Amino acid sequence: MDGSNNKVFAFLEKNLMGPMGKIASLKVVRAIMGAGMGAIPFTIVGSMFLVFNILPMTFPFLEGIFNATFFKFSDLYMLANSTTMGILALYFCVGLGYEYTKIIAEEEDLNMAPITGALLSMFAFFLSIPQLVMDNGTVVRLTDAKENIINGWAIGGDGVARLGTVGIFTGIIMAVIAVQLYRLCVSKNWVIKMPEQVPEGVSRAFTALIPAFVVAFVILIITGVLVFLNTDIFQLIAIPFGFVTNLTSSWIGVMVIYFLIHALWIVGIHGANIISSLIAPITLGNLALNADGAHIPLAGEFQNAFVTIGGSGATLGLCIFLVYMAKSEQLKVLGKAAIVPCLFNINEPLIFGIPLIYNPFMAIPFFLAPMVSASIAYFAIQLEFIRPVIANMPWPSPVGVGAFISTAGDWKAALVAIICAGAAFVIYLPFARAYDKKLVDEETSVSEETAGESISA
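Residues numbered from 1 in each chain as written. Predicted model: local features only at pLDDT ≥ 70, side-chain atom pairs only at ≥ 80, totals over all residues. Heavy atoms only, no water.

So, the packing of helix H13 (residues 251-266) against helix H20 (residues 363-382)
Moving on, step 1. Two elements in contact, H13 and H20, have axes separated by 9 Å at closest approach and are oriented at 155 degrees. When the axes of H13 and H20 are compared, the pair comes out roughly antiparallel. Like other packed secondary-structure pairs, H13 and H20 cross with a definite hand, here right-handed. When H13 is examined against H20, the residues Trp251, Val254, Met255, Tyr258, Phe259, His262, Ala263, Trp265 and Ile266 are found in contact with a partner set consisting of Ala363, Phe366, Phe367, Pro370, Met371, Ala374, Ser375, Tyr378 and Phe379.
Moving on, step 2. Split into classes, the residues belonging to the contact of H13 with H20 amount to 16 nonpolar, two polar and no charged. (Axes fitted to C-alpha atoms, helices over the stretch in contact; angles between N-to-C directions. Helix = DSSP H or I, 4+ residues; strand = E, 2+ residues; numbered from the N terminus. Parallel < 35°, antiparallel > 145°, perpendicular 65-115°, else oblique. Left-handed = near helix turned anticlockwise from the far one by under 90°. Contact = heavy atoms within 4.5 Å. Nonpolar A, V, L, I, M, F, W, Y, C, P; charged D, E, K, R; others polar.)

Right, dumping it as structure tokens:
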């Protein structure tokens, strides 16, 4: 038994921990994680205004009050939503440019300013947005009244359409290209150096001059070639990333995501940080699509609202077992210490205290509980029993509360979240009892040995 478990853990370490650890250590991946985390506060703020604005859909008795009061100012306060969720690609692009430049500057000891990397990324992104076409051998900006494209700029409900979620992946690619070109210029010393007496802000501006020209030439050449081929960067990038988005939004894709998160955790790597950060551009994009009428299960804080209730492994039910049902002194003490954090989806005390990592007794429910919870919530949304996630909630929201907020007040979503937590508890129960019995036997054995030593003495 122990030998086979050791082989499983060794297999996961070799084939999952190693490759995923290398991916997570890449500079660009860490920068994407940072950019995603940086965008979250803005998405939460924008989402809360959206939730407020659609409250009468949930509670019809409020409609008259809102029509007479708040809705008269909705175009004003909904700017908080339009300028967050409506230009999400811009947040990602600028955030990634800043984080990526900062990481490269620190780890490669290059004189690169993060603010310059952020601005160059935004510059590259805006160069890629206007739509161009060939007209009798001449490159012209596209104007199409039917598609709301004016002088190359597609206009959506919140302004420039390509600044929204449709542009997230293009923004990421443009930021990577811009920062790498900036890095090339600095490493090759293709910069204008100013005397030390010149103020830092002025010196930085001249240092960025040549990289800005290089970024402009490279992006314009790429854009020109693609226009000649009757396409553009957005359409080209949409092919592979559209496939990835569709794959991760399928049930199989969702199962793979939560398997990977918990397979990494089981061998000691914070799987939630790594995988969730990597799919953040997709889940935030799906969030905005749901707000516009789509019905995609994997969106926003789907994970913390329905899946990992109580923290990674969906351990809220397990923690309740430890507090009220466990007979082992060790587990009872641990449960009482962990119950309050666990209510807010923080369960490191359990993961490292039971422990859940490298623990063959608890590995099966640790994998299975979140996958079952995810399946319940996935099909509840897919079959339109509950609303999809349309608002980003604070991730430590307690069970039911987060689901209620993120679906803009759907009480059935709160019920589904409670059902998910209950299903996870049922899955953990036989394994927790067996593990509890093992620890009780060990504690009894130690007590008997101690008593025997006392008598002998």
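With respect to the packing of helix H2 (residues 27-53) against helix H7 (residues 88-108)
Moving on, step 1. Packing of H2 against H7 brings their axes to within 8 Å, and their N-to-C directions diverge by 140 degrees. Taken together, the axis directions place H2 and H7 in an arrangement best described as oblique. Once H2 is placed against H7, the crossing between them reads as right-handed. Contact with H2, carried on its side by Lys27, Val28, Arg30, Ala31, Ile32, Gly34, Ala35, Gly36, Ala39, Phe42 and Thr43, involves Leu88, Tyr91, Phe92, Gly95, Leu96, Glu99, Tyr100, Ile103, Ile104, Glu107 and Glu108 of H7 and no other residues of that element.

Quick notes on the nonpolar core
Moving on, step 1. By size, the foremost hydrophobic cluster in this structure holds 118 residues, and its most contacted members are Phe125, Tyr258, Phe306, Leu350 and Ile354.
Moving on, step 2. If one sorts the elements of this core by residue count, helix H22 (residues 411-456) sits on top with 12 residues.
Moving on, step 3. The residues contacting Phe306, other than those within four sequence positions of it, are Ser373, Ala377, Ile381, Ile386, Val389, Ala403, Thr407, Ala413, Val416, Ala417 and Cys420.
Moving on, step 4. In terms of nonpolar packing, the next biggest core, distinct from the first, is built from eight residues, Val51, Ile54, Met78 and Ile390 among them. (Core = buried A, V, L, I, M, F, W, Y, C linked by side-chain atoms within 4.5 Å. Buried < 20%, exposed > 50% of the residue type's maximum accessible area, 1.4 Å probe, protein only.)

Focus: the packing of aromatic side chains
Moving on, step 1. All chains considered together, the criterion is met by 18 aromatic pairs.
Moving on, step 2. With a centroid separation of 4.9 Å and an interplanar angle of 35 degrees, the aromatic rings of Phe42 and Tyr91 are classed as tilted. Of the two residues, Phe42 is situated in helix H2 and Tyr91 in helix H7; the sequence distance between them amounts to 49 residues.
Moving on, step 3. We classify Tyr91 as partly exposed; its relative accessible area is 24%.
Moving on, step 4. For the ring pair Phe52 and Phe66, a centre distance of 5.2 Å and an interplane angle of 40 degrees mean the geometry is tilted. Separated by 14 residues along the polypeptide, Phe52 in helix H2 and Phe66 in helix H4 (residues 63-68) bring together distant segments of the chain. (Phe/Tyr/Trp six-rings, centres within 6.5 Å; stacked < 30°, edge-to-face > 60°.)

So, to be careful, I would describe these as geometric facts and stop short of saying anything about function.
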